[in-house]
Amino acid sequence: MSDHRFARRFPLGHPRNAMAPVSREGWMVVFSFVAAMAAGGIAFIALAVSGSFLPGLGIFILLAALAGAGSIILARRKGDTSRTLADYRNVIPGSGT
């Protein structure tokens, strides 16, 4: 295939330019984002229960912002803007396309 980890979800010309993972590395980015959100949520709950609501909220917001920004940056850098997710799914391995 190529070095792309993400591909467009909608064809060129569509007003939405969402990206979806097309490789194992792309899925690792998605799972890392989810893990960071879960870790922030657990930290928030644990600190809120112990009486430290604002520090817990701050940790959650910081982790969410960093994970979200990292995911978006990687999707832009390693994303294929000319082909869609359907194009990657229709490629037959070993066919040379």
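Placed above this text is the structure.
It should be emphasised that the depicted structure is a prediction, and the values quoted were computed from it without experimental measurement.

Q: Describe helix α2 (residues 53–77), with residues and values.
A: Compared with the 36 Å implied by 1.5 Å per residue over 25 residues, the 36 Å span of α2 between its first and last C-alpha is a close match. For α2, the full list of buried residues reads G56, A67, G68, S71 and A75. On its buried face, α2 is in contact with β1 (6–8), β2 (19–21), α1 (24–49) and β3 (79–84).

Q: Just give me the short version of the packing of α1 against α2, but keep the residues and values in it.
A: At their nearest, the axes of α1 and α2 sit 7 Å apart, and the two run at 175° to each other. Our classification of the angle between α1 and α2 gives roughly antiparallel. In this structure, α1 contributes V29, F33, A36, M37, A39, G40, G41, A43, F44, L47 and A48 to the contact, and α2 contributes F53, P55, G56, L57, I59, F60, L63, A64, A67, G68, S71 and L74. Considered class by class, the residues forming the contact of α1 with α2 number 18 nonpolar, five polar and no charged.

Q: So what about the packing of aromatic side chains? Which residues, and what values?
A: Throughout the structure, instances matching the rule amount to three aromatic pairs. A ring pair is formed by F44 and F60, whose centres lie 6.4 Å apart and whose planes are at 35°; its orientation type is tilted. In this pair, F44 sits in helix α1 while F60 sits in helix α2, placing the two residues 16 residues apart along the sequence. A residue is classified by how much of its surface remains accessible, and F60, at 25% relative accessible area, is partly exposed. Through a chain of ring-to-ring contacts, the aromatic side chains of F44, F53 and F60 assemble into a single cluster. Its end group placed over the ring of Y88, R83 keeps NZ or CZ at 4.4 Å from the ring centre.

Rules and cut-offs
- Residues numbered from 1 in each chain as written.
- Predicted model: local features only at pLDDT ≥ 70, side-chain atom pairs only at ≥ 80, totals over all residues.
- Heavy atoms only, no water.
- Helix = DSSP H or I, 4+ residues; strand = E, 2+ residues; numbered from the N terminus.
- Expected span 1.5 Å × (residues − 1).
- Buried < 20%, exposed > 50% of the residue type's maximum accessible area, 1.4 Å probe, protein only.
- Contact = heavy atoms within 4.5 Å.
- Axes fitted to C-alpha atoms, helices over the stretch in contact; angles between N-to-C directions.
- Parallel < 35°, antiparallel > 145°, perpendicular 65-115°, else oblique.
- Nonpolar A, V, L, I, M, F, W, Y, C, P; charged D, E, K, R; others polar.
- Phe/Tyr/Trp six-rings, centres within 6.5 Å; stacked < 30°, edge-to-face > 60°.
- Lys NZ or Arg CZ within 6 Å of the ring centre and 35° of its normal.

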